[in-house]
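A closer look at the structure
If you want the building blocks of each chain, they are given just below.
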Amino acid sequence: MKVELVRVNDAFHFEGSGSSEIKVHTDGSPDIGGSNLGVRPMELLLMGLASCSAIDVVLILKKQRQDITDFRVLVDGDREQEEGTQRKPFTKIHLIFKFAGNQLDESKINRAIALSMEKYCSATAQLEALATITYSVEIATV
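Conventions we followed
Residues numbered from 1 in each chain as written. Predicted model: local features only at pLDDT ≥ 70, side-chain atom pairs only at ≥ 80, totals over all residues. Heavy atoms only, no water. Pairing = 2+ DSSP bridges. Helix = DSSP H or I, 4+ residues; strand = E, 2+ residues; numbered from the N terminus. Axes fitted to C-alpha atoms, helices over the stretch in contact; angles between N-to-C directions. Core = buried A, V, L, I, M, F, W, Y, C linked by side-chain atoms within 4.5 Å. Buried < 20%, exposed > 50% of the residue type's maximum accessible area, 1.4 Å probe, protein only. Contact = heavy atoms within 4.5 Å.

**A closer look at the sheet that holds strand β6 (residues 132–141)**
The sheet built from 3 strands is open, its strands ordered β4-β5-β6 with mixed pairing. Where the open sheet ends on each side, the last strands, each with one partner, are β4 (67–79) and β6. Taking the axes of each pair of neighbouring strands and ignoring which way they run, one obtains an average angle of 15° across the sheet. Examined bridge by bridge, β4 and strand β5 (residues 90–102) share 12 bridges and lie antiparallel to one another. Residue pairing in the sheet places Asp78 in a bridge with Lys92 of β5.

Here is the structure:
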């Protein structure tokens, strides 16, 4: 896997691309001279984790003919500064999987998420070596 990151302005705005034709913009915070023209890199890590798992979950639930009318994942990451550095890696990450749909089977949803988190999602495998990753589920019926 390869990606390319190209500087867009004379500050911290970058455009990234990979195997798709979609461009992703990142930027630094205004505190360091950024312009709010993209997401922060650490936010992008959380988005990557959520996206990786969400794709797995939707694939599994589609095969099980679950009628999902709305699906979203909220992610909250706690960071702690490493002593003697400016680095602040994630130490805890919590995902909230929120579903709405017709006659959703809670056991199928829970199993799909567990399979993603424990077997399929490579982003989870990458991040769980350094952070405790937990999740919860919310299901609304329509």
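**A few points about the nonpolar core**
Counting residues in hydrophobic clusters, the biggest one holds 21 residues, and the most contacted among them are Leu49, Ile93 and Phe99. The residues touching Ile93, leaving out its near neighbours within four places in the chain, are Leu46, Leu49, Val75, Asp76, Gly77, Leu127, Ala131, Thr132, Ile133 and Thr134.

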